[in-house]
Amino acid sequence: HPVVAVSMGLLTGVVGLSLLVLMAFTIVLIPVSLLGLFALGLMVAFGWAAMGAGAGAWIAVKFSLKLPVSVSAFAGAFLLMLVLDLLNWIPVVGAPIAILITVNGLGAVLLTRLGMVKFTPAMDQEEDFSDTP
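Computed from a predicted model, the values in this text were never measured in an experiment.

Describe the layout of surface pockets, and please don't skip the residues or the numbers.
Over the atoms a probe the size of a water molecule is rolled, and this reveals where empty space is left. Counted as a void, the largest pocket has a volume near 190 Å³. If you go around the largest pocket, you meet 13 residues; those closest to its centre are Gly13, Leu17, Leu40, Val44 and Leu106. Looking at the lining of the largest pocket, the elements that each hand over two or more residues are helix H1 (2-24), helix H2 (30-62) and helix H4 (94-111). For the lining of the largest pocket, the element with the most residues is H1, which contributes five residues. Each pocket or cavity is described by its volume, and for the second largest pocket that value is around 150 Å³. Around the second largest pocket sit His1, Pro2, Ala5, Asn104, Ala108, Leu111, Thr112, Lys118 and Phe119, which together line it.

Residues and numbers for H1, please.
For H1, spanning 23 residues, the distance from its first C-alpha to its last is 32 Å, which sits close to the expected 33 Å at 1.5 Å a residue. Among all positions in H1, only Ala5, Gly9, Thr12, Gly13, Gly16, Leu20 and Met23 are buried. In this fold, the buried residues of H1 make contact with H2 and H4.

Give a description of H2 that names residues and reports values.
In this model, H2 (33 residues) spans 48 Å end to end at C-alpha, consistent with the 48 Å of a helix rising 1.5 Å per residue. What H2 keeps buried is the set Ser33, Leu40, Met43, Val44, Gly47, Gly52, Gly56 and Ala60. Close packing links the buried residues of H2 with H1, helix H3 (69-87) and H4. Two residues or fewer after H2 comes Ser64, characterised by a positive phi angle close to 50°.

Mind laying out the packing of H3 against H4, listing which residues take part and the relevant values?
Interhelical geometry of H3 versus H4 gives an angle of 150° and a closest axis separation of 8 Å. As judged from the angle between their axes, H3 and H4 are roughly antiparallel. Facing Leu80, Leu84 and Leu87 of H3, the residues of H4 in contact are Gly94, Ile97, Ala98 and Ile101. Here the contact of H3 with H4 is built from residues that sort into six nonpolar, one polar and no charged.

About the criteria used
- Residues numbered from 1 in each chain as written.
- Predicted model: local features only at pLDDT ≥ 70, side-chain atom pairs only at ≥ 80, totals over all residues.
- Heavy atoms only, no water.
- 1 Å grid on protein atoms, 1.4 Å probe; cavity = no way out; pocket = protein on both sides within 12 Å on 5 of 7 lines; lining within 4 Å.
- Points joined across faces, edges and corners; volume = space filled by probe spheres on them.
- Helix = DSSP H or I, 4+ residues; strand = E, 2+ residues; numbered from the N terminus.
- Expected span 1.5 Å × (residues − 1).
- Buried < 20%, exposed > 50% of the residue type's maximum accessible area, 1.4 Å probe, protein only.
- Contact = heavy atoms within 4.5 Å.
- Axes fitted to C-alpha atoms, helices over the stretch in contact; angles between N-to-C directions.
- Parallel < 35°, antiparallel > 145°, perpendicular 65-115°, else oblique.
- Nonpolar A, V, L, I, M, F, W, Y, C, P; charged D, E, K, R; others polar.

Structural data, given as structure tokens:
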């Protein structure tokens, strides 16, 4: 669900960074804001790794390769970082696409609660109407 993931990641990025900056204005909360910035950076890195693993699994299925999960995850992450690095050479398009991919990964990490649960949107959940007449 890329629209939901991008929305969640963008909201978290804007609100989280502004909250961390506001927390850093107080002397007492500077360590907490640095810890929050570190946690946000870890979530972004986890999102990149998850997107790389997904890209590696997609490549393995697309080309019908029999690769171990770790090898396909490494290949997908390497390919994703290579594509992002090559896109940065394009002046107008590169940075927004890199930001979009980063925000998508951050939103996906947050929606799946760091990969612990499968995200199911409210519209995809089946409702039980057996009690209604």
